[in-house]
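Residues per chain are reported as follows:
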Amino acid sequence: MNPLLGVGLALVALIGGGLLLGWQGVIFATTGIVFWLLLQMSRLMRVMKQAGAAPIGSVANAVMFHAKLHAGMKLVDLLALAGSLGRKLDGEGKRYAWQDAQGDRVELRLEKGKLVEWRLERADSSGAAS
């Protein structure tokens, strides 16, 4: 979700709750906002726990992983899709790679935490990456 949209909805809920129900409406809206934030934190922690338990840079099937990628994906969505943390390819932390057991490899480039470029490197018949 767009952060500005989330902030806007939160403000609308607070103002609407205040106008309709007074201070009790503001408390009700605040409770809803805190609940939504806890749901987001819970999702993030679940994804990080799963990704942290898997070997770094591994993915079940690199071709299927590559097929599900699209521009603008957030890092947390990439981690949930891959099921593991990516292997860092540069010192700046903008390029990452995942490889499957067959030797196929997917390299990604992130800008501001969003996917901007990716490519698939297929393994040749001898098993080495091209």
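Please read all numbers here as calculations on a predicted model, not as lab measurements.

Colleague: Before we go on, may I ask you to explain the sheet that holds strand 4 (residues 114-121) in this structure?
Modeller: Whether parallel or antiparallel, the strands of a sheet pair through hydrogen bonds between backbone atoms. The sheet built from four strands is open, its strands ordered 1-2-3-4 with antiparallel pairing. Because the sheet does not close on itself, it has two edges, and the strands there are strand 1 (87-88) and strand 4. Two elements, strand 3 (residues 105-111) and strand 4, share seven bridges in a ladder whose sense is antiparallel. Bridged to Glu-107 within strand 4 is Arg-119. Against the sheet, helix 4 (residues 75-82) contacts strand 2 (95-99), strand 3 and strand 4, and its axis sits at roughly 165° relative to strand 3.

Colleague: What am I meant to see in helix 1 (residues 3-21) here?
Modeller: Quick reminder: α-helices carry 3.6 residues per turn. Residues three or four places apart thus point the same way. Taking 1.5 Å per residue, 19 residues should reach 27 Å; helix 1 reaches 27 Å between its end C-alpha atoms and fits that length. In the stretch just after helix 1, Gly-22 is the one whose phi turns positive, near 75°.

Colleague: Got a minute to help me understand the nonpolar core in this structure?
Modeller: Nonpolar side chains tend to gather and get buried jointly when the protein is soluble and globular. Ranked by internal contacts, the top residues of the largest apolar core, which has 16 residues, are Phe-65, Leu-69, Leu-78, Trp-98, Leu-108 and Leu-115. Among the secondary structure elements, those contributing two or more residues to this core are helix 3 (62-67), helix 4, strand 2 and strand 3. Broken down by element, the residue count for this core peaks at four residues, all from helix 4. With near-sequence residues (within four places) excluded, Leu-78 lies in contact with Phe-65, Leu-69, Met-73, Leu-108, Leu-110 and Leu-115.

Colleague: Whenever I open this one, the packing of aromatic side chains confuses me. Can you help?
Modeller: Under the criterion given, the structure shown has one aromatic pair. A ring pair is formed by Phe-65 and Trp-98, whose centres lie 5.3 Å apart and whose planes are at 65°; its orientation type is edge-to-face. Highlighted residues: Phe-65 in helix 3 and Trp-98 in strand 2, separated in sequence by 33 residues. The class of Phe-65 is buried, set by a relative accessible area of 3%.

Colleague: Mind showing me how you'd approach the pattern of salt bridges here?
Modeller: Side-chain pairing between opposite charges can occur once the charged atoms of the two side chains come close. A complete count under the given rule lists nine salt bridges for this structure. For Glu-117, the salt bridge identified is with Arg-109, shortest N-O distance 3.0 Å. Under the relative-accessibility criterion, Glu-117 is labelled partly exposed at 42%. Take Arg-109: its relative accessible area is 29%, and that puts it in the partly exposed class.

Definitions and limits used
- Residues numbered from 1 in each chain as written.
- Predicted model: local features only at pLDDT ≥ 70, side-chain atom pairs only at ≥ 80, totals over all residues.
- Heavy atoms only, no water.
- Pairing = 2+ DSSP bridges.
- Helix = DSSP H or I, 4+ residues; strand = E, 2+ residues; numbered from the N terminus.
- Contact = heavy atoms within 4.5 Å.
- Axes fitted to C-alpha atoms, helices over the stretch in contact; angles between N-to-C directions.
- Expected span 1.5 Å × (residues − 1).
- Core = buried A, V, L, I, M, F, W, Y, C linked by side-chain atoms within 4.5 Å.
- Buried < 20%, exposed > 50% of the residue type's maximum accessible area, 1.4 Å probe, protein only.
- Phe/Tyr/Trp six-rings, centres within 6.5 Å; stacked < 30°, edge-to-face > 60°.
- Salt bridge = Lys/Arg side-chain N within 4 Å of Asp/Glu carboxyl O.

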